[in-house]
Amino acid sequence: MSAREAKAAAAQRGRFSPWAVVVLVVAVALPVVPFVAGVSHFVLSIFMQATTYAIAVLGMVVVLGYTGQINLAQAAFFGFGAYGLALGTAAYGLPFWISLAIGVGTAAVAGGILGLTTIRLGGHYLAMITISFQQIFDLVAVNWIEVTHGPDGIPGIPRPSVFGYALTDDRAYLLLCTLVMYLLIAAVWWLPHTRLGRAMRGVRENELAAEVVGVHTLRVKVTAFVLSAALGGIGGALYAGGFAYISPDNFNFNRAIEFLSMALLGGAQSPFGGALGTTLLILLPEWLKEMPRALQFIKDVYLAIYGLAVILIMVFMPEGIWGLLKNAWARARKAPPAPQVLRVKPLDLDIRITESTPMLRLEGLQKHFGGLRAVDGVDIEVRRGTVHALIGPNGSGKTTTLNVVNGIYKPTAGKILIDGDDVTPKSPHERAAHGAGRTFQNIRLFPTMTALENVIVGAQRDNNPIEPGHQALRNRALSALQFVGLADKAETAVRNLPYGHQRLVEIARALAGHPKLLLLDEPAAGLNQTEKMELVELLKRLREGHGLTIFLIDHDMGLVEKVSDRITVLNFGKKIAEGTPEEVLRHPDVIAAYLGEPGHATA
Amino acid sequence: MEALANNLQVLFQGLALGSIYALVSLGFVLIIRATNVVNFAQGDFAMLGAYIMVACLTGAGAPYWLAFVLALLAMAAFGLLFNFGVYYPLRHRSFLPVLISTLGASIFMQNTVLAIFGAQPRAMEKVLNFDGLHVGGVFLDSQYLVILAVTMVMVAFQYFFFEHTLVGKKLQATSQDKDMARLLGIPVALMIAITFLYSATLGGLAGVLVGPILFVSIGMGSIIALKAFAATIIGGFGDVKGAIVGGLFIGVVESFAAYYISVPYKDAYAFLMLFLVLIFRPQGFFGEKVSEKA
């Protein structure tokens, strides 16, 4: 965001909201208070714990809140940072900052390796892999005594000097931790507004869609894990410095669960939520100690309460306390103004046609699922700048063909050439970078993101021929929304849009990537008559003079006939007819395939 | 000759431990098939079952067989409670909230039991009151024999139940296609509740069987669950046959590795196997490769 735009945005929000001022004052006051008022050593250590834990919980915000990947090994990353610092300084006599860098670096590398396991495994596997990793860390910390000093732990961890000033005073060290925490909160808060942050949220909301529109989902997940682990490492190292002593039970599975609970309670989707959750869960046990004797049992069962709280949070406030506050705040405030649509540039969709080779060529394409031959040796050529429809009865292999074309499935045999290049071994995001855009039969958007954000994710694909910078991405996305007639809905979360509009947003997302080849999977499915007519108009505008090639599937023969230059008909995974709409729709085999007329064997 | 006997001894222990993993893994698989979610409290079903049995035996002084039956009945009831408290409110959400919710349940169960029974592990008597048999140079512990026998009976029962009873067929239909099952008039919510009931009972059974061998402790469930889950993946995610073979496989590998390599890291071998399988055969022994449908 440019400085001018940021200023304008701030002005739109009503300059200074009173809340922001309160938060700012509290934030500044917190680390200063101990210097002014007398604060006991115990209270300082509680605060030290809160700040260092909060930094680790920020890691949970990045990986779980933003990217939607479960990480139950945050305590291990916290441990890498702590052990790196402790061993570096206390055992090998290295300087503080170098030891810290080693600890954080080790955590980041471990995080990257763990993230790499998401190549094949998401969801449950990831939960289990991270738990296993956490358990192994614990086993090694306890048993590899020569290095980790085992259960006795490592005492005598020193603190650093900053600008020649040794931070031996708890208050000074706490100030350092707090400043680092503020810095990291700001960075994590900023992250969703970046290319990487949007890609992360895309992965969380719909990983397949993100991949298809050009997000290198694996890289994004690995990056999320690396960042998360590094944040855990920083928190752990500062923790070790603060308490001067560490032992394995600071970094076991229970601690990982605490980090998870903190993130969930406060709200995993915001760094402020993470910090809030951490503060609450650290202060809670201390408050419980002050309670009347009758309630003292609570402190013995506080972990059980954590567990119960996790279930209740999942059921009643999935976005945590911060989410509740934010939603209440959003309701109290007026709706954000729609962006100025007057100055939106028309969408540039032009593709220069210089060659006569087909834009898409399928050679002997086969895709088998076990014994089922969903696609069984299909050859199709889609000419540049034409609309080519693929039709056939249910189960004839149309969607499978489309999924093989954009790389969701690897073909059993055969080749796919896009714009003359063999893309057969390439992943969906590489094909998107090659200029293949796509929509889905069952709409796949990023539901909690705004229409504009959805479309920006489409615009930020690799090799998109637009200027660099956020402003260009935003303009491109606004133009694409304007093209489908939804620029005034840019700031609306897409889950709040009606079905027909969601379809259009999906098309806009594909168009924002300036595709050479647009794949539309049943674009008319679920639309009413008016919406269908609007879709036909849209498709006609797309084919007029832009040089864009469209390959589409639909069951609505009226629509297919109106917009297509050529039609290919599949039945039982084989091509049974091809030609102009007039030729194909009167072809006896096609009629037989649809109506099941006897006497026309199609196999 | 002695080496052979030693190896057979290790193999026997591995198979018995593996049977426990297989029982818990079966519970995993049934819930995965019914709800598409891994229940991270599956191991704690075993822990809870074992503690209930301990409470019946030492607290209430019940006879062994009665304590056994009561523990299983309690676990069946708990399975229903679990279904309605932990899964049902979240049934329309994506897998992540459900997974986290079961994780919360696991923490809740462990710490509640901890608050009631304390951290000291409890000993439990064996099912049979003789130590075991000597066959050749191999000592066959009676509890291990019981575990093997019960596992075989349960596998046979499950096969019969799912393939030859109406409820079993309905359960299968539910796990394969919930929407279609609903259209056919199968009460899907009830079927899922039954699945939780059965899985909790299976878990409880594993717990009361393994109690005499491992000691009854708060953490026993987590360790068993991790290995059972490894078994689930190694066998092929969501595959019943795979759960059993995977469980036995983990048990045997672990026993041999502990015998020949190192005991302190005993609990790490399952994960090592898991990593290897995930790298070289990610669909597991029996699983088919699946990708998400567009």
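In this report, the structure presented in the accompanying data block is examined. Going along each chain's sequence as written, the residues are numbered from 1 onward. Throughout, the order in which chains and ligands are written sets their labels, letters from A for the former and numbers from 1 for the latter. This being a predicted model, a pLDDT of at least 70 is required before a residue's local features are given, and a value of 80 or more before pairs of side-chain atoms are given or counted; all residues contribute to the totals for chains, interfaces and linings.

## A few points about the environment of Ala480 of chain A
Residue and element names in this part refer to chain A. Following the sequence through the fold, Ala480 ends up in helix α20 (residues 470-483). Using C-beta atoms placed from the backbone, we call a residue buried if 20 or more other C-beta atoms fall within 10 Å of its own, exposed if 12 or fewer do, and partly exposed for counts in between. The exposure class assigned to Ala480 is buried, which follows from the 30 C-beta atoms found within 10 Å. Through-space distance from the C-alpha of Ala480 to that of Phe35 is 55 Å; in sequence the pair is 445 residues apart. By the convention adopted here, residues make contact when the C-beta atoms placed from their backbones lie within 7 Å. Excluding its chain neighbours within four sequence positions, the residues that come into contact with Ala480 are Leu347, Val455, Ala508, Leu511 and Ala512. A run of H or I in DSSP becomes a helix once it reaches four residues, and a run of E becomes a strand once it reaches two; helices and strands are each numbered from the N terminus.

## Things to note about the environment of Leu312 of chain A
Residue and element names in this part refer to chain A. Relative to the elements of secondary structure, Leu312 occurs in helix α15 (residues 302-316). When the 16 C-beta atoms within 10 Å are taken as the criterion, Leu312 is described as partly exposed. Expressed as a C-alpha distance, the spacing of Leu312 and Leu265, which sit 47 residues apart in the sequence, is 9.7 Å.

## Focus: the sheet that holds strand β11 (residues 566-571) of chain A
All names here are of chain A. Strand pairing requires that DSSP identify at least two bridges connecting the strands. Taken in spatial order, the six strands make up an open sheet running β8-β9-β10-β5-β11-β12, and their pairing is mixed. Every interior strand has two partners, whereas the edge strands, β8 (436-439) and β12 (574-579), have only one. Looking at each pair of strands side by side, their axes are set apart by 15° on average, direction ignored. Packing against the sheet, helix α17 (residues 398-405) makes contact with β5 (387-391), β9 (517-521), β10 (549-553) and β11, and its axis sits at approximately 150° to β9. For helices, the fitted line uses only the C-alpha atoms of the stretch in contact; every axis is such a line through C-alpha atoms, and the angle between N-to-C directions lies from 0 to 180 degrees.

## Notes on the packing of helix α1 (residues 2-35) of chain B against helix α2 (residues 42-59) of chain B
Residue and element names in this part refer to chain B. One way to put it is that α1 packs onto α2 with a least axis distance of 9 Å and a crossing angle of 130°. By the angle between their directions, the pair α1 and α2 is classed as oblique. In the packing of α1 onto α2, the handedness of the crossing is right-handed. In contact with Val24, Gly27 and Phe28 of α1, α2 contributes Gln42, Gly43, Phe45 and Ala46. Angles below 35 degrees are treated as roughly parallel, those above 145 as roughly antiparallel, those between 65 and 115 as roughly perpendicular, and all remaining angles as oblique. The hand of a helix crossing depends on one turn: near helix anticlockwise from the far one by less than a right angle means left-handed, and clockwise means right-handed.

## Considering the nonpolar core
As used here, a nonpolar core is made of buried Ala, Val, Leu, Ile, Met, Phe, Trp, Tyr and Cys residues. They are joined through C-beta atoms within 7 Å. Core analysis: the biggest nonpolar cluster contains 268 residues, and Val455, Leu481 and Ala508 of chain A together with Ala230 of chain B have the highest contact counts within it. Among the domains, domain 1 (41-253) and domain 2 (360-595) of chain A are the pair contributing at least three residues each to this core. In contact with Ala230 of chain B, other than residues within four places in its own chain, are Ile250, Ala270, Phe271, Met273 and Leu274 of chain B. Marked domain ranges trace back to an automatic or database domain assignment.

## Quick word on the packing of α2 of chain B against helix α8 (residues 188-214) of chain B
Residue and element names in this part refer to chain B. Interhelical geometry of α2 versus α8 gives an angle of 60° and a closest axis separation of 7 Å. In terms of axis orientation, α2 runs oblique to α8. Crossing hand, α2 versus α8: right-handed. Note on element contacts: α8 touches α2 through Ser199, Ala200, Gly203, Gly204, Leu205, Ala206, Gly207, Val208, Val210 and Gly211, opposite Gln42, Phe45, Ala46, Met47, Leu48, Gly49, Ala50 and Met53. Tallied by class, the residues present in the contact of α2 with α8 amount to eleven nonpolar, seven polar and no charged. In this classification, the charged set is Asp, Glu, Lys and Arg, the nonpolar set is Ala, Val, Leu, Ile, Met, Phe, Trp, Tyr, Cys and Pro, and all remaining amino acids, among them Gly, are polar.

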